[in-house]
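Here's the letter readout for the chains.
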Amino acid sequence: MNTDNWRWQMQNAIVKLDDLLQHANLNEYQKNWLKDNFSYQDLPFYITPYFVSLIKPINDCPIFKQVVSSDLENKQENFLLKDPLGEEVRQKVPYLVHRYQDRVLFLATDRCASYCRFCTRKRWVGQGPTPHKEDAQEAFLYIKEHTEINEIIFSGGDPLVLSNERLDYLLQNAFSIPHINFVRIHSRILSFLPMRIDDGLLKIFSKYKPLYLVTHFNHYDEITDHTMQSIDKLLQAGVVLLNQSVLLQGINDSAETLKKLFTKLTKHRIKPYYLHQCDLINGSAHFRVPLKKSLEIYSQLRGNISGICIPQFMIETPHGGGKIAINPNFITKEDDNFIYLKGYDDKLEAYPKI
């Protein structure tokens, strides 16, 4: 049994309640809660043994809550949507979403190393079909014909569950297009499966620059010694690391938790990039933090954490309206000559309008 082998991890993923009860370190409350509430419909239940090992026997374990499915996902709300980002109508060719003029989203696979219960693509993720080479060629042809595109974002699913050979094929094609300046990979592999960062993958990554890997950590407990070893290897291979997090009720909805997360990421040379308001996806009502509270939490980070640790707070507007950066309104009033700004310590300062 080689638990440090990423393929072993995926082949031995937890996919049944009985397996979770047997292998996870749970307290009696968690066990009873599972027996009463475990349920899933739209999105597969699948967790790597590694990520299961991070679950703590505490009632509000943030690892447990992110990946363990429950009947709360079956609750429907009028404002929640099957495709909240409007991606389906913006697929110009299969698996390629062209929403912003200068970049495209390439859905490289429908598979993940584990499935987040708040996934914004649960209509498709884990249920296929995954793209074939013919689909990729059609997507790359579209990109070549649209010279206004200068960035490719590989997402899914999680591109890093693909084989090294498949990833090399995708990156080689992407970097061979003259008008492509940036390539991004969006992945949660460092949370779910850090042993995926093997020598073969690092050799491939070292060939392509500039290559950005946007990680996805929501809680500081996800950043382990194993994770940090993989981070160091990626940085040595020349990969630029950014992070996006989702603000989630009962998981990271406090300024103190986010401060610890963003500080830990920055210390290990991952720049906090985006903090997302949870998307308006079906089955996510129990994860969503009310927007007013989200802004209060975000504003509490100012002055209490280094500016290099603070990501942008982003809202994805429904029906494909795109990302909008949101900030608390620190202008409290104004007169003919001044606006009055509230500082991080709540003191008001006059600032001239000129």
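What this report covers is the structure whose coordinates are included nearby.

Quick word on the pairing of strand β6 (residues 211-215)
- Counting buried positions along β6 gives four out of five residues, so the element sits mostly inside the fold.
- Bridge count between strand β5 (residues 182-186) and β6: four bridges; the pairing is parallel. Directly across from Val183, in β6, lies its bridge partner Leu211.
- The pairing of β6 with strand β7 (residues 240-247) spans four bridges and is parallel.

Description of the pairing of strand β13 (residues 348-352)
- The sheet contact formed by strand β12 (residues 338-342) and β13 spans five bridges and is antiparallel. From the neighbouring strand, Lys342 faces β13, where its bridge partner is Leu348.
- Counting the residues in the hairpin turn of β12 and β13 gives five residues, including Asp346, whose phi is positive at 75°.

As for helix α3 (residues 28-37)
- Listed in full, the buried residues belonging to α3 are Gln30, Leu34 and Asn37. Looking straight down α3, one finds that the buried residues subtend no more than 90° of arc, so they occupy a single side. Counted as exposed and oriented over 90 degrees from the buried face of α3: Glu28, Lys35 and Asp36.
- Looking at the buried side of α3, the elements it contacts are α2 (17-23) and α5 (62-67).
- Two or three places before Tyr29, at the start of α3, stands the capping residue Asn27, its side-chain oxygen 3.2 Å from that residue's backbone nitrogen.

Remarks on the pattern of salt bridges
- Overall, the coordinates contain 18 salt bridges when judged by the stated rule.
- The residue Lys65 makes a salt bridge to Asp60 at a minimum N-O spacing of 3.3 Å.
- Residue Lys65 is classed as partly exposed on the basis of its relative accessible area of 26%.
- Asp110 is the salt-bridge partner of Arg111, the closest N and O atoms lying 3.1 Å from each other.
- In this structure, a network of salt bridges that share partners links the residues Asp83, Glu87, Glu88, Arg121 and Arg123.

Brief notes about unusual backbone geometry
- Here the residue pair Gly156 and Gly157 is connected by a cis peptide bond, since its omega of 25° sits within 30 degrees of zero.
- Among the structural elements, Gly157 can be located in the loop between β4 (151-155) and α7 (164-175).
- Geometrically, the link from Lys209 to Pro210 is a cis peptide bond, its omega value of 0° lying close to zero.
- Along the chain, Pro210 falls in the loop between α9 (199-205) and β6.
- With phi around 65°, His319 is a residue other than glycine that occupies positive phi space.

Details of the sheet that holds β13
- Taken in spatial order, the three strands make up an open sheet running β11-β12-β13, and their pairing is antiparallel. The sheet terminates laterally at β11 (331-334) and β13, the two strands that pair on one side only. Ignoring which end each strand starts from, the neighbouring axes of this sheet average 30° apart.
- Direction of pairing for β11 relative to β12: antiparallel, over a ladder of three bridges. Bridging from a neighbouring strand, Lys333 pairs with Tyr340 of β12.

About the cut-offs
Residues numbered from 1 in each chain as written. Predicted model: local features only at pLDDT ≥ 70, side-chain atom pairs only at ≥ 80, totals over all residues. Heavy atoms only, no water. Buried < 20%, exposed > 50% of the residue type's maximum accessible area, 1.4 Å probe, protein only. Helix = DSSP H or I, 4+ residues; strand = E, 2+ residues; numbered from the N terminus. Pairing = 2+ DSSP bridges. Arc of directions from axis to C-beta. Contact = heavy atoms within 4.5 Å. Polar contact = N/O pair within 3.5 Å; in protein donor to acceptor, adjacent residues only side chain to side chain. Salt bridge = Lys/Arg side-chain N within 4 Å of Asp/Glu carboxyl O. Axes fitted to C-alpha atoms, helices over the stretch in contact; angles between N-to-C directions.

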